[in-house]
Amino acid sequence: MNRTYEVMYIVRPDLEEADLDKLIEGFSAVVTNGGGEVSQTEKLGRRRLAYIVRKFQDGQYVLMHVSADGPLVAELERRLRVTEQVIKFITVRTDEENKRLAKIKAHRDSRVKVSDQQAAAAAAAAAVEAPAPVETEAAAV
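The following paragraphs examine the structure supplied in this document. Note that the coordinates shown come from a computational prediction; the quantities given were computed from them, not determined experimentally. (Residues numbered from 1 in each chain as written. Predicted model: local features only at pLDDT ≥ 70, side-chain atom pairs only at ≥ 80, totals over all residues. Heavy atoms only, no water.)

What about helix α2 (residues 70–82)?
Here is the rule: Only runs of H or I of at least four residues qualify as helices and only runs of E of at least two qualify as strands under DSSP, and these elements are numbered from the N terminus. An expected span of 1.5 Å times one less than the residue number is assigned to each helix. A contact between two residues is defined here by any heavy atoms of the two lying within 4.5 Å.
Its 13 residues place the ends of α2 19 Å apart at the C-alpha level, agreeing with the 18 Å of an ideal helix rising 1.5 Å per residue. Buried residues along α2 sit against β1 (3–11), α1 (17–33), β3 (56–68) and β4 (86–93).

Focus: the environment of F56
By the element assignment, F56 lies in strand β3. Sequence-wise, F56 and D14 are 42 residues apart; in three dimensions their C-alpha atoms are separated by 9.7 Å.

Some words on the pairing of strand β2 (residues 37–53)
Put simply, the rule reads: Paired strands, as defined in this entry, are two strands with at least two bridges between them according to DSSP.
Sheet topology note: the β2/β3 ladder contains 11 bridges and is antiparallel. Among the inter-strand pairings, T41 is bridged to a residue of β3, identified as M64. The hairpin turn running from β2 into β3, its antiparallel successor, is two residues long, and R54 in that turn takes a positive phi close to 50°.

Some words on unusual backbone geometry
For R54, which is not glycine, the phi dihedral falls at a positive 50°. Tracing the chain through its elements places R54 in the loop between β2 and β3. Its identity is not glycine, yet K55 carries a phi of approximately 70°, on the positive side. On the secondary structure map, K55 appears in the loop between β2 and β3.

Nothing here speaks to function; it is all geometry.
If you want it as structure tokens, here you go:
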């Protein structure tokens, strides 16, 4: 059963752009060859780390949106762990969160807003109480 994950990993800051692209393609190939799908890959650029990791203060961030099963994600994590250029990584399962957000959105869409009800009531009241034209004495003369 495929589930959706976000995999973020931090690569050494001294890695060349071509080598970074090759590394990203390699991790994407692991997912696609295993029967998963990489829906999106974002290079977030070079950023400062909150604390020193493996003697690095900066790192290049990469975010991958992956749809795969559990053993395939475990294999991806194993490869991230043994790859020397990757200094940190985290994998977050997002399918439960997406399902929860869709349920909340459907509930919100099914309810009628109070402001819409008040506006409709005001429009109906204004249509019922429309004033009749009044003749003035000056017009009658």
